[in-house]
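This is what each chain is made of:
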Amino acid sequence: MIPICTMLRVTSVRRTFLCGTAIASLLVANALAQRPQGQAPAAAGLFALRPRPVLSASRVNEGPTIDGDVLGESIWQNAVPITDFWQEQPDQGQPASERTEVRVVFDAETLYVGVVCYDNDPGSIVVSDARRDADLDETDSFRMLFDTYRDTQNGFIFGTNPAGIEYDGQVTNEGQGGGGLRFGQQMSGSGGGFNLNWDGAWRVQTTITDLGWTAEFAIPFRTLRFPGGSGHTWGLNFQRNIRRRNERSYWAQIPRQYDLNRVSLAGSMVGVQAPILRTLRVTPYALGNAIASGEKPLNGRVPTDLQQNVGVDLKYNLTPSLALDGTVNTDFAQVEVDDQQVNLDRFSLFFPEKRPFFLENSGFFTVGNPGEVDLFFSRRIGISSTGQRIPIVAGARVSGKAGRFNVGLLNMQTEEMDFRSINRGVVPSNNFGVVRLSRDLPNRSSLGMLIVNRQGRGQFSSASDYNRTYSIDGRLGIRQNSVVTGFLSKTQTPCRAASCGGRTDAFNVRSRTQLQRVDVNAGYQEVGDQFNPEAGFINRRAYRKGDAFVMTRFRPANFMRIQELRPHTLYRAYWGLDGMQETGFHHIDMHWQWKNGAEMHTGMNLTQEGVRAPFEIFPRVFVPPGDYRHKEANLVFFTNQGAPVSFRVTTFLGGFFGGTRRTLQSSVRARIGETFNTEISHQANDVTLPVASFTVNLIRTSVSYSFTTRAFLQALVQYNNQTDLWSMNLRFGLLQAANTGLFVVYTDTRGLYDLIPRAERMDRSFIIKFSRMFDLLD
C-alpha cells in the first residue's frame, strides 16, 4: 500500500495515511464483492436476486390506436402479458402490492408497449405534474429501460405518469459519472451518467379508469439506436411507482442500492425484428428577437434592437446505430436560464449544459470527474469566458456505436466577436474538434481515449492560439457490485507547455462497491498547475486530492415508521503540489427516511481551509490568508414531496473563515392537480468574519401551468444580492415532436449594483421562435 502511495508522489505522513486509507477501502470493498451472487446474508432485509426474466415481443401487421385504451383493443388482448413485479421499497423482495400488466408488440416501423396499472383505490392515484420530463419519483408513474445494444452499460429510458407526460433520457455507464465525492454542488446533467435532456420523437397516451390507469407507448424504431440485422435480444426492465405507499417495484428485480439505471441487472426481450431504416430528419427554425442590452443611462432607456434569424438542424442515420447530426446557424433561445448560485468560496461554480444539440449522446463524450474535472465541456462552445453569447456558425456530430466501439466525433465553428464597446474585449473565431472512442469489454468494463482541440482563427487570433487535450480512460467491472475507473490526461497550450515549467497533466483513479448494506467509495486525483483544458471545466488547479466514503443502510421493522436509516461518513482533502493543505472536509451524518417519504438528515462537518492569497467573498469584503479550522452542525428536513404542499429546510451553523456562518435554506412547493406547480425558496447566509459581517440572500420563485402535456407556461424569478443581480424568465411552449414547436420567451436581467457603485445594467429580450421536425424518408 505505501509503495503505491509513494509512486503517486504522496510523501507526507498525512497524505500517505489518506492514500493508504483510500486504497485499503478499495481492497476491502472489492473483497466484499467476492460473495457469490446466489448467496444472500442471513441478515433481515437482504435477499438473493431471482433469475433475470424474459419477455417475448409479438409482431403485428398494424399497430394499435394510441389512445390509452389498452383493455379495449384486441391487439393487446392477443399479446401475452408479463405480470410479476417485485418491490425494492418498502418491502424489498416481496411481490408488488398492485397488479401490473405489460404487453409489447411491434410492426414494421414502431415498437408498442401497453401497460395496465391496476389500483384498488383509483381516487388515491397521485399525479403531480403534466410537463415534459417532469420528475416521476413524486407521482404514480411507469418507466422502462431498453438496452438495445445489450452492452449492459447504456440504454434509453421512456416513462409517463397518469397525466400522460413524455419522459425520456439516455443512460451511460449504468447512470454513474466520474464518481467524485462532492457535497452540495450541482452535478452535470449528462456527466452524471443519466441525460434527462435527451428528447426523442415518440408518443404516449394514458387513461384513468375504475381499475386504475393505463398507458400506450408508440416508440418508432427510428428514435432508437440498435445494431444492424435481425433477431437481436435487447436488455429490458420496467419500473412502477405507487406514490401514496412510497412503493417502487421492478419487473427484473433490483436490490435497494441500485435503481432502473442498473442496466446489467435488466431482463431480456426476445423476438424483436428491428428493421434497417434510413432517417433524414430536418428541423428548420425561424425567430424574431427584440433585445435591449447595455448600461441604463440616467433618466433614459436602453435602445431596443430588432433581430431576425433562421437556421436548421438535421439528423441522418449512417447505420442503425450511428447518427450524423448537423446544425447551421445554431440557436438555443428556448433553453431555460441557469439557476443562480451563491459562491462563498474562492473556486469556480459549475453550471450544467442545457442546450439540446449538445445533449444527445453527450455521455459518450464525457471523460473526467463531472463538475470538478470535465475534459470536454460543451458549454465552452458559444459562450465567452465573461458569459457573452457567441454565435455558432455551423457544426456536425457523429455519435453512436460501431460494433463494440462507442464513437463520438464533433466539430463546431463559432464567429469572432468584438465586445470592446461593453468593456468585454474581443473573442476570436474558434473551431472546436473532439474525437472520442471507447471499446466495451466484458462485465461492464471499457477502455477509451479522448482528443479535444480548440483552434483560434480570424483577425483576433494568431498561429499560437490553440489548446489541446489528450486523455485515456478505463473502467473495470469486478463481479456485479464493484467498479474501478480512472483517467490520465495531458493538455498542450503555448506558454503552458513543459518548457514553461509546471505540470500539464491530471489523473484520477476510483473504486466503488455497492452492496445491499454497504456502499464504499474511494479515490485519488491530481491536477497539475499548468493543466489547462480550455474546452473543458476545472474548478481548481495544482492539487492532490484524496477522498473516501462509507455508508450503511438499515431497514428496521416497526420502528417509528422508519423506512430506512443511512449512517455514513465522507472525508475529502486537497493539498497543493507544495504540500500545503488547501481544503479538508469530514462529513458525519445519519439519514432518517420515513415510509411516507419524509426525511431528516442530522450531521456535522469538520472543515479546514488553507487560504494562500486574499479573496473577495462579498463586495469589498476580503478573507485574508491563513489556516482556518472549524466545526459546523448540519440539519436537513423535508416532508413528503409528493403531497400537494411540501416543505424543505436545510441549515448550517458553525465556524467559517475565522468567524461564523448561519445558513438557512427553506422552500415550499405547492401544486393543484398536475396542471399548476409553484416553488418559493430562500437561502440566507448570515456571515460574521473578523473583518466584516454581511448577509447573502438568494431568492427564487418558479411557477408553471400546463394547459396540456404539450402546452405550458413557466416563470422563474431570481434575486442574488451577492452579485446584485435580478432576473426573470417567462416561457410559453407549444410542443410538437422531440421538444420542437412554438416558443415565446421573455427574459429580463438587471445588475442593480446597489453594493457596487456603477451604472445599472439591463439585458432584456423578447423572442418568438418556431421550429418543426420533418422526417423526409418516412
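What counts and how
- Residues numbered from 1 in each chain as written.
- Predicted model: local features only at pLDDT ≥ 70, side-chain atom pairs only at ≥ 80, totals over all residues.
- Heavy atoms only, no water.
- Helix = DSSP H or I, 4+ residues; strand = E, 2+ residues; numbered from the N terminus.
- Buried < 20%, exposed > 50% of the residue type's maximum accessible area, 1.4 Å probe, protein only.
- Contact = heavy atoms within 4.5 Å.
- Areas by Shrake-Rupley, 256 points an atom, 1.4 Å probe, with all protein chains shown as cover.
- Phe/Tyr/Trp six-rings, centres within 6.5 Å; stacked < 30°, edge-to-face > 60°.
- Lys NZ or Arg CZ within 6 Å of the ring centre and 35° of its normal.
- Pairing = 2+ DSSP bridges.
- pLDDT = per-residue confidence, 0-100.
- Salt bridge = Lys/Arg side-chain N within 4 Å of Asp/Glu carboxyl O.
- Core = buried A, V, L, I, M, F, W, Y, C linked by side-chain atoms within 4.5 Å.
- Patch = residues over 30% accessible without salt bridge, like charges linked within 9 Å, V, L, I, M, F, W, Y side chains within 5 Å.

Trainee: Tell me what's going on with the overall build of the chain, and back it up with residues and numbers.
Mentor: Tallying secondary structure elements over the chain gives 4 helices and 46 strands in all. Across the 778 residues that make up the chain, the buried fraction comes to 56%. Long-range pairs, those at least 24 residues apart, make up 62% of the contacts in the chain with a sequence separation of at least 6. A total accessible area of about 31700 Å² is found for the chain, and carbon and sulfur atoms account for 57% of it.

Trainee: With reference to specific residues and values, describe the packing of aromatic side chains.
Mentor: Think of a pair of aromatic rings as described by two things: how far the centres are apart, and how the planes are tilted against each other in angle. A full pass over the atoms with the stated rule returns 26 aromatic pairs. Centre to centre, the rings of Phe-158 and Trp-198 are 6.1 Å apart; their planes meet at 75°, and the pair counts as edge-to-face. You can see Phe-158 sitting in strand β7 (residues 155-160) and its partner Trp-198 sitting in the loop between β9 (194-195) and β10 (203-209), a full 40 residues away along the chain. Across this residue pair, the class does not change: Phe-158 and Trp-198 are buried. Measuring from ring centre to ring centre gives 4.6 Å for Phe-618 and Phe-694, while their planes differ by 10°; the resulting arrangement is stacked. With a gap of 76 residues between them, Phe-618 in strand β35 (residues 615-618) and Phe-694 in strand β41 (residues 693-708) connect regions that are remote in the sequence. The pair Phe-618 / Phe-694 is uniform in exposure class, with both members buried. Each member of the aromatic cluster is reached from another via a ring pair, and the members are Phe-142, Phe-146, Phe-156, Phe-158, Trp-198, Trp-202, Phe-217, Phe-221, Phe-226, Trp-234, Phe-238 and Trp-251. Residue placement shows Arg-262 over the ring face of Tyr-258; its charged tip is 4.0 Å from the ring centre. One Lys or Arg, Arg-661, reaches over the ring of Phe-652 and ends 5.3 Å from the middle of that ring.

Trainee: Please set out the sheet that holds β10 residue by residue, giving values where relevant.
Mentor: Strand pairs in the sheet, formed through backbone hydrogen bonds, run parallel or antiparallel to each other. With mixed pairing, the 5 strands of this open sheet are ordered in space as β2-β4-β5-β11-β10. Lying at the two open borders of the sheet, with one neighbouring strand each, are β2 (58-59) and β10. Direction of pairing for β2 relative to strand β4 (residues 100-106): parallel, over a ladder of 2 bridges. Bridged to Ser-58 within β4 is Val-105.

Trainee: Quick one: what's the story with the sheet that holds strand β18 (residues 368-369), residue by residue and with numbers?
Mentor: Across the sheet, which stays open at both edges, the 3 strands sit in the order β18-β19-β30 with antiparallel pairing between neighbours. Strand pairing shows two members of the sheet lacking a second neighbour, β18 and β30 (537-538), which therefore form its edges.

Trainee: Summarise the confidence of the model for the chain; cite the residues concerned and give the values.
Mentor: When the pLDDT values of the chain are averaged, the result is 88; 89% of them are 70 or greater. Below a pLDDT of 50 lies the segment residues 183-190, which in the model reaches 25 contacts outside its immediate sequence neighbourhood of four places, other chains included.

Trainee: Got a sec to walk through the environment of Asp-84? Specific residues and values, please.
Mentor: One can find Asp-84 in the loop between α3 (74-77) and β3 (86-89). Since its relative accessible area comes to 49%, Asp-84 is described here as partly exposed. Discounting residues that sit within four places of it in the chain, Asp-84 has contacts with Tyr-250 and Trp-251.

Trainee: Requested: an account of the pattern of salt bridges, with residues and values cited.
Mentor: Enumeration according to the criterion identifies 54 salt bridges in this entry. Across the salt bridge formed by Glu-372 and Lys-545, the nearest N and O atoms sit 2.9 Å from each other. On the criterion of sequence distance, the pair formed by Glu-372 in the loop between β18 and β19 (373-374) and Lys-545 in strand β31 (residues 543-552) is long-range, its members being 173 residues apart. For the pair Glu-372 and Lys-545, a shared accessibility class is recorded, and that class is buried. Look at the salt bridges and you will find they share partners, linking Glu-88, Arg-248, Arg-555, Glu-564, Arg-566 and Glu-599 into a network.

Trainee: Residue-level account of the pairing of strand β12 (residues 232-242), with values.
Mentor: Note on strand geometry: in a regular strand, side chains alternate between the two faces of the sheet. Of all 11 residues that make up β12, 9 are buried, and the element is covered over most of its length. Where strand β6 (residues 141-147) meets β12, 7 bridges bridge the pair, whose relative direction is antiparallel. Paired with Asp-147 across the strands is Gly-235, a residue of β12. Where β12 lies against strand β14 (residues 267-272), 4 bridges are found, and the strand directions are antiparallel. Bridge pairing in β14 links Leu-236 to Gly-267. Here 4 bridges tie β12 to strand β13 (residues 247-250), and the two strands are oriented antiparallel to one another. Bridge pairing links Ile-242 to Glu-247 in β13. The antiparallel pairing of β12 with β13 creates a hairpin that spans 4 residues between the two strands, and Asn-246 there sits at a positive phi of about 55°.

Trainee: Explain unusual backbone geometry residue by residue, including any values.
Mentor: Glycine aside, negative phi is the norm for most residues, and most peptide bonds take the trans geometry. Here the bond from Gln-89 into Pro-90 is cis, since omega is 5°, no more than 30 degrees from zero. With respect to the helices, strands and loops of the structure, Pro-90 is situated in the loop between β3 and β4. We note that Asn-329 has phi near 55°; this positive angle belongs to a residue other than glycine. Topologically, Asn-329 is positioned in strand β17 (residues 322-330). The class for Asn-329 is partly exposed, based on a relative accessible area of 24%.

Trainee: Which residues make up the side chain of Asp-748, and what values do they have?
Mentor: Assignment of secondary structure puts Asp-748 in strand β44 (residues 741-751). A residue is classified by how much of its surface remains accessible, and Asp-748, at 3% relative accessible area, is buried.

Trainee: Give a description of the pairing of β4 that names residues and reports values.
Mentor: Counted residue by residue, β4 has 7 buried out of 7 residues, so it is predominantly covered. Because side chains alternate across β4, one face comprises the buried residues Thr-100, Val-102, Val-104 and Phe-106, and the other comprises Glu-101, Arg-103 and Val-105, equally buried. Between β4 and strand β5 (residues 110-118), which pair antiparallel one after the other, the connecting turn spans 3 residues.

Trainee: Kindly report on the side chain of Ser-384, identifying the contributing residues and their values.
Mentor: Among the secondary structure elements, Ser-384 is positioned in the loop between β19 and β20 (392-402). On the basis of relative accessibility, which here comes to 10%, the residue Ser-384 falls in the buried class.

Trainee: Describe the environment of Pro-625, listing the residues and the values that go with them.
Mentor: Relative to the helices and strands, Pro-625 is located in the loop between β36 (621-623) and β37 (626-638). Accessibility expressed as a relative area gives 43% for Pro-625, which makes it partly exposed. Spatially, the C-alpha atoms of Pro-625 and Glu-609 are 9.8 Å apart, while their sequence positions differ by 16 residues. Those residues in contact with Pro-625 that sit more than four places away from it in its chain are Val-611, Arg-612, Ala-613 and Pro-614.

Trainee: Before we move on, can you summarise the nonpolar core with the specific residues and values?
Mentor: Burial of nonpolar side chains together is a common tendency in soluble globular proteins. Among the nonpolar cores identified, the biggest contains 37 residues, and Phe-142, Phe-146, Phe-217, Trp-234, Phe-238 and Met-269 are the most heavily contacted of them. At the level of elements, β4, β5, β6, β7, β11 (212-220), β12 and β14 are the ones that each hand at least two residues to this core. Ile-392, Leu-450, Ile-538 and Tyr-574 belong to the second largest nonpolar core, which has 25 residues in total.

Trainee: Any chance you could break down the environment of Ser-646 for me, citing the residues and the numbers?
Mentor: On the secondary structure map, Ser-646 appears in strand β38 (residues 645-656). When the C-alpha atoms of Ser-646 and Glu-679 are compared, they prove to be 9.5 Å apart, with 33 residues separating the residues in sequence.

Trainee: Lay out a nonpolar patch on the surface with the relevant residues and their values.
Mentor: A contiguous nonpolar patch, built from Leu-409, Val-435, Leu-437, Ile-451 and Tyr-470 and spanning about 350 Å² of accessible area, is present on the exposed surface. Here Tyr-470 lies in strand β26 (residues 466-478). With relative accessibility at 34%, the residue Tyr-470 sits in the partly exposed group.

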